[in-house]
Amino acid sequence: MRALSSPPSVLAPALQQPPRSPISQVPQLLPVKRYKIRSHYDGVFSLSFTKDGSRLAVGYGSGDVTLHDTRTAKLTCCPSRKSDPLPVTGLQFRTEDRSEMLYCLASGPIFLQRIEDEANVVDVMEANEENEINTLDVSEYGYYFCTAGKDRNIRIYDWERFKPFSVLGPLTEGDYIGPPEDTLTQHGKRIFSVKFSNESPYHLVSGGWDNSVKVWDLRTNQVVKSMSTASTLGPKLCGDALAIKGDLCVTGSLLPENAIELWSIKEGRRISVLPYESPNLRGEYVLVVKFCGDSHVIAGSATCHDAQIISIEQEKVVSRIDGFRRSVSSLAVSNNGKVAVAGGAPYISFVETMTTPFFLET
């Protein structure tokens, strides 16, 4: 696949949104069962399915990780707690291997663990970055994984040495202060989400607090596209609020309105703004977003205390997962798009085939 072209010189104007329905008219998915997260876990920060959907891993604010059998919705294993009680900010299984789990803590350590059986998890590899890590991602092509965070660098690791072999980003530390045009080639503030392309092994997409989403070419370690519109800055991410599917990229911003945007990666332009229905004028303030199958997006909010499923074609919210007392900060969607999981205090909520939700005891 050829490298992506440079940004177009003329960008499309902002698109008009369709009329919205009151939040009271959006169908609510009622829970069949509800269990509270244990208080010492300090909230849900990361969620990940195995590729076959048989296991779910949950990472918490306390640094704990739990494993669950999705067929029985029961806890199967609690890997040993690490000495650093900081949030699990990134968590994934290796692409084809349901027995190896990769996760990182905010303070910099990265762990690869193997699930031996339903009761035992052993450490395989460990690394430590001098960085505050906010996100990690595993390449679907199986060659490598990456991390990113406070220092604005994206580190590409290989599995064998478990060390970074390439670094994408700035040469200076801290928030960038300089000519605005320089931010086209690097991130100006911390990175909150990074995703490998699922169409090309040579590209990845990153976004952060600097109103910027960037497409990188791993062959040159350079930004080949920076997404924005003619009338606004790019997305302002404050969580795992970036997802890609083919040429499409969906982002969620910590903004009161127009927070969810759909982009074309190859063209570097915004296709549409998707709605997030905010009750009582709380504002949208989206923290996390995922594709849910080919035709829907699911997003979680910092202020609305729910997750909403949105039709891309209709540009409307089609259902809600309610019942959270605080922000919904983490989502996971099974590989077939039929099961979604929303995590937020004090619950973890499974939604099966978008019709039958139940709550998982942790």
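Throughout what follows, the structure given in this document is the object of discussion. If you're wondering where the values come from, they're calculated on a predicted model, not measured in any experiment.

1. A closer look at the packing of aromatic side chains
- The tally for this structure, following the rule as stated, stands at ten aromatic pairs.
- With a centroid separation of 5.4 Å and an interplanar angle of 35°, the aromatic rings of Tyr144 and Phe196 are classed as tilted. Within this pair, whereas Tyr144 is found in strand S11 (residues 144-149), its partner Phe196 is found in strand S14 (residues 191-196), the two being separated by 52 residues in sequence. In this pair, the class of Tyr144 matches that of Phe196, namely buried.
- Arranged with centres 6.5 Å apart and planes meeting at 55°, the rings of Tyr157 and Phe162 form a pair that is tilted. Exposure class is identical for Tyr157 and Phe162. Each is buried.

2. A look at the layout of surface pockets
- One number sums up the size of the largest pocket: a volume of about 1,400 Å³.
- Contributing to the lining of the largest pocket are 48 residues, with Gln92, Asp137, Lys195, Asp240 and Lys290 lying nearest its centre.
- Only strand S2 (44-49), strand S6 (88-93), strand S10 (133-138), S14, strand S18 (242-245), strand S22 (286-292) and strand S26 (330-333) provide two or more residues apiece to the lining of the largest pocket.
- Classifying every residue of the lining of the largest pocket gives 19 nonpolar, 19 polar and ten charged.

3. Some details on the side chain of Ser193
- Here Ser193 shows up in strand S14.
- Judged by relative accessible area, which is 0%, Ser193 ranks as buried.
- At 3.2 Å, the side chain of Ser193 and the side chain of Lys195 are in polar contact.
- Leave out the neighbours within four places in its chain, and Ser193 touches Thr135, Val205, Ser206, Gly207, Leu237, Gly239, Asp240, Ala241 and Leu242.

Basis of the calculations
- Residues numbered from 1 in each chain as written.
- Predicted model: local features only at pLDDT ≥ 70, side-chain atom pairs only at ≥ 80, totals over all residues.
- Heavy atoms only, no water.
- Phe/Tyr/Trp six-rings, centres within 6.5 Å; stacked < 30°, edge-to-face > 60°.
- Helix = DSSP H or I, 4+ residues; strand = E, 2+ residues; numbered from the N terminus.
- Buried < 20%, exposed > 50% of the residue type's maximum accessible area, 1.4 Å probe, protein only.
- 1 Å grid on protein atoms, 1.4 Å probe; cavity = no way out; pocket = protein on both sides within 12 Å on 5 of 7 lines; lining within 4 Å.
- Points joined across faces, edges and corners; volume = space filled by probe spheres on them.
- Nonpolar A, V, L, I, M, F, W, Y, C, P; charged D, E, K, R; others polar.
- Polar contact = N/O pair within 3.5 Å; in protein donor to acceptor, adjacent residues only side chain to side chain.
- Contact = heavy atoms within 4.5 Å.

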